[in-house]
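# Structure assessment
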Amino acid sequence: MTPSARTSTDRRTMLRLIGLGAAATVGGGALAGCSKEAGSQGSATNADAIKAVLPTYKRAELLKPDIPGEGPIPDGYLSYPRELVDAVTEPPGRGGPPIQTMSPWWGPTPPPLGRNAYLGAVNGKLGVEVNPSLQDGLTYADKLNAMLGARDVPELLSAPNWEVDKVARFSDAVKALFTDLTDHLQGDNAAKYPYLAALPSGAWEYSVWGGRLYAVPFPTDGPFAWAMFYRKDLLGAAGLATPTSLDELYEFGKKATDPAKGVWAFGSVFEMIQQYFGCNQTWRKKPDGGLQHKFEDPAFEAALAFTARLFAEGLVHPDTVESKGEDEKQLFNSGKILMYRDGLGAWQGMQSERAKELPTFDMQPLPVFGGQGAQPVIWGSEKPIFYTFLKKDLPAERVDEMLRVLNWCAAPFGSREFELREYGVEGQHFTRSADGTPALTELGRKELGAQYTHIGGRVPVKVRSGDTPNYVQDYIGYYRKHIGQMEQDLFAGIKLELPANWSKIIQPTEDKIRDILRGRRPVSDLAQVRKEFLDTGGEEGRAFHEKALADNGR
Amino acid sequence: MAAPAAVLLLVFHYLPTLGNIIAFQDYNPFVGDDPLDAFLNSEWIGFGNFEALFRDPLFWDAVRNTLSITAFQLVFFFPLPILLALILNSVVSGRLRGFVQSVVYLPHFFSWVLVVTFFVQMFGGAGLLAQEMRQAGLEPWGIMTNPDTFIVLVTAEAVWKDLGWGAIVFLAALSAIDQNLYEAAAADGAGRWRRLWHITLPGLRPVIVLLLIMRLGDALSVGFEQFILQREAVGRQAAEVLDTFVYYQAISTQQWGLGAAAGLFKAVVGLVLILTANKIAHRLGEQGVYSKS
């Protein structure tokens, strides 16, 4: 909208009117003339400052993996150990009061303490009561923002990285609200908590704010941001070939979509299409120095045009078009969409749950291919999935007690602690299949809710289970095949606090991109969108990111 | 006896109102030792937030959308509960009336998520209507995704949800009208329509005017969830209202000062509208929200 002369006069008049009224209310001549722009300018913590406070890494391995992970890929185990060991010999609790926790969960809320056998069993081992509060992961930000603003946080708070990144002035919040863990965990001090010391340094690096260690990370079990999942069983049954190029992907969409049967080829796919076209997640270094934003990359425009065509030709399920895509998992499970993008973390749970009703159910990540002459790029980073913060102003003994609890929660695979945390109590929450692997029961699915898992970062492993027999090989195989295509995180180990003007343009720009995707604006409007983006905060963001890189000598 | 109510008002309405000072601050909730400290220590920036707000074309888009929806609903939604109340009132059978009332009240208790899902399942591209049309060889049209008709869609949803609820007040007002008047008028030979025009509507007029004034005071609030849920389907141009603007530009980017400025703007405009409408009502000889001393 271009504002007309008339409305701008109205605006000035309005401003004067409101100004007068408000000034009269507050009664201050103090306001006069001190009008200034609000918002943070952003800040970046140097990578060297971060290295100095990290815990000393010490691997804790109880069992040799069958498929050793490489770098950020987790270790794989193809059989479940017959003999478990005690990883923690002394109960971590010191008899302190119950520990209040809050963590996200994407599913029905488990029963609370007192009515939850799983909580009872784990708390019995801990020697201190943990009283969790689970919040819907989809709306976690709303709860988190309100808590931070009111400075009313639980003793243990688990916050997903993508929510933390959105909180403005988070480094201020961290200092005001959470315990500085540096003295407890820096260097060899971490040896007191051996399973926390075993968490990868790549994950700890992200837990530093203002040069101090403030959180225990929950390392990612695979660095890729997204994968394109497809219903291998349905494609096979319909005689459709697995697409290996963008042209084939489009052809697949045409053939598979059948509205009369209520079947559409695609759910949300745009993020994956961008990766096929070789488009970076945000910034890329230009050959002559400086940074290029992905909107300036012709690959982004090509990906946008390709995906807009899928929408225009009705190959995307109407529910995805009409909502925010919350129901895609159900649509995919019931075969109403055949392909959509999701985090790789969704895979095992969906496969095991759905296969109980439909034994032929087989979801697989589509191998990544390049688009129209371009090399694909896979988005990802070693950023931990969650951070666990301890409330500020706790006595040192309490901090120690809580870190010991987190240490217990981080006990590695092959221990009794791991089994209890991950699967609950045998016979109650899981049954052991013939080959010894635990399979969750209905009660297990209902009660677990990752209530201890999400607060204590564990070293991720992939374990073969009876209900998903091929998952470990498939998962690690997919990663090994594609890890070489993952983009380098230019900012790995640099803590960025983004400027307010940058945060502000994200949503409006996303709105405009979505308008193009959904066909409300032509693809040719991208140039206009890009210009508006760069003018209203994009250039400021570029300068900020370039400076952060320069300061770190990259 | 009024003390608890007064305390309630003081604690939950008047005290929090003081928080509006953050509209004039670059408010940072994390400075100082406690939330009160944060108010005192945040930087004072005068009208910076208001300037940023009024300079933002997105804000004016949101204001325009909000006002369009208010105006549209004033014409196409506001009279409907009155009509429904009149119809229900003329139903003689008490059981039938009770049944119809229950059915039309019920959707009021559904959340917006449910209402929107219901509409998607009925009228969406994979919904009942679309599937029926495909069976019949017709091409379904995008009821849920057309930005141009979005205003009709949200009004239809609001009518479905709140029509019955809105009729309650009018039904109560109808039952307060003296039945003798009708009998006397009928005896004098007044027909159905004359009785409606000369007895029923004048009897309802004070309530209608009161609700109209209150609705005007809320002109800049048209709801939040309904719009945020359907925003992606029709785009920002059609679905951005003031409350979603505040959510995206102030709450989710933690520009609390900007959000407070937008809220204050809403409150001031609402107050001006209420006072104006009330004045007009007085001129026309109505009681309005409060009577003239």
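Residues numbered from 1 in each chain as written. Chains lettered and ligands numbered in written order. Predicted model: local features only at pLDDT ≥ 70, side-chain atom pairs only at ≥ 80, totals over all residues. Heavy atoms only, no water.

### As for the packing of helix α12 (residues 225-234) of chain B against helix α14 (residues 242-251) of chain B
Angle between the axes and distance between the axes: these two values describe a pair of packed helices. Residue and element names in this part refer to chain B. Look at α12 against α14: their axes get within 9 Å of each other, and the N-to-C directions meet at 75 degrees. Between α12 and α14, the angle is such that the two are roughly perpendicular. Of α14, the residues touching α12 (which contributes Phe227, Ile228 and Arg231) are Thr244, Tyr247 and Tyr248. (Axes fitted to C-alpha atoms, helices over the stretch in contact; angles between N-to-C directions. Helix = DSSP H or I, 4+ residues; strand = E, 2+ residues; numbered from the N terminus. Parallel < 35°, antiparallel > 145°, perpendicular 65-115°, else oblique. Contact = heavy atoms within 4.5 Å.)

### Looking at the environment of Gln255(B)
Residue placement: Gln255(B) occurs in the loop between α14 and α15 (256-283). Overall, the relative accessible area of 11% leaves Gln255(B) in the buried class. Between the alpha carbons of Gln255(B) and Tyr27(B) there is a distance of 7.6 Å; along the sequence they are 228 residues apart. If we skip the residues at most four places from it in the chain, Gln255(B) touches Ala500(A), Lys504(A), Gln249(B) and Ala250(B). (Buried < 20%, exposed > 50% of the residue type's maximum accessible area, 1.4 Å probe, protein only.)

### Points about the domain arrangement of chain A
Residues and elements named next belong to chain A. You can read the domains of chain A as domain 1 (47-221 + 382-484), domain 2 (227-379) and domain 3 (498-554). Spacing between the C-alpha centres of domain 2 and domain 3 amounts to 24 Å. Taken together, the contact pairs 19 residues of domain 2 with 18 residues of domain 3. Roughly 1,700 Å² is buried in total at the junction of domain 2 and domain 3, and carbon and sulfur atoms are behind 74% of that figure. For the interface between domain 2 and domain 3, the tally reads 1 salt bridge. The salt bridge involving Arg542 is made with Glu296; its shortest N-O contact spans 2.9 Å. Where domain 2 touches domain 3, the interface holds 6 residue pairs in polar contact (both at pLDDT 80 or more). Those elements giving two or more residues to the side of domain 2 that touches domain 3 turn out to be β11 (283-285), β12 (291-293), α13 (298-312) and α14 (318-322). Looking at the side of domain 2 that touches domain 3, the element that brings in the most residues is α13, giving 7 residues. (Domains from an automatic or database assignment. Buried area = accessible area lost by both parts, 1.4 Å probe. Salt bridge = Lys/Arg side-chain N within 4 Å of Asp/Glu carboxyl O. Polar contact = N/O pair within 3.5 Å; in protein donor to acceptor, adjacent residues only side chain to side chain.)

### Some thoughts on the packing of aromatic side chains
Centre distance and the angle of the planes are the two values used to describe a pair of aromatic rings. If you walk through the whole model with that rule in mind, you get 58 aromatic pairs over all chains. The interplanar angle of 80 degrees and the centroid separation of 6.5 Å between the aromatic rings of Trp60(B) and Phe265(B) together place this pair among those described as edge-to-face. Taken together, the residues span a long stretch of sequence, with Trp60(B) in helix α4 (residues 57-76) and Phe265(B) in helix α15 at a distance of 205 residues. Summarising the burial analysis for this pair, Trp60(B) and Phe265(B) share the class buried. One aromatic cluster is present, built from ring pairs that chain together Phe24(B), Trp44(B), Phe47(B), Phe50(B), Phe54(B), Phe59(B), Trp60(B), Phe245(B) and Phe265(B). Over the face of the ring belonging to Tyr250(A) we find Arg309(A), whose NZ or CZ atom lies 3.8 Å from the ring centre. Taking the ring centre of Trp112(B) as reference, the NZ or CZ of Lys161(B) above it sits at 5.1 Å. (Phe/Tyr/Trp six-rings, centres within 6.5 Å; stacked < 30°, edge-to-face > 60°. Lys NZ or Arg CZ within 6 Å of the ring centre and 35° of its normal.)

### Digging into the interface of chain B and chain A
Many analyses report the size of an interface as the accessible area lost when the parts associate. If you look at the interface, chain B gives 58 residues, while chain A gives 49 residues. The tally of links from chain B across to chain A stands at 2 salt bridges. Close ionic contact of Asp511(A) with Arg231(B) constitutes a salt bridge, the shortest N to O distance being 2.2 Å. Inspection of the region where chain B meets chain A yields 15 residue pairs in polar contact (both at pLDDT 80 or more). Class assignment for the residues of the side of chain B that touches chain A results in 28 nonpolar, 18 polar and 12 charged. (Nonpolar A, V, L, I, M, F, W, Y, C, P; charged D, E, K, R; others polar.)

### Let's talk about the environment of Ala238(B)
Checked against the element boundaries, Ala238(B) lands in helix α13 (residues 236-239). With near-sequence residues (within four places) excluded, Ala238(B) lies in contact with Asn65(B), Pro147(B) and Phe150(B).

### As for the pairing of strand β13 (residues 337-342) of chain A
All names here are of chain A. Of all the 6 residues making up β13, 6 are buried; the element is thus mostly covered by neighbouring parts of the structure. As judged from the 4 bridges shared by strand β9 (residues 227-231) and β13, these two strands associate in the antiparallel manner. Paired with Tyr230 across the strands is Met339, a residue of β13. Where strand β10 (residues 264-266) meets β13, 2 bridges bridge the pair, whose relative direction is parallel. Looking across to β13, one finds that Phe266 is bridged to Met339. (Pairing = 2+ DSSP bridges.)

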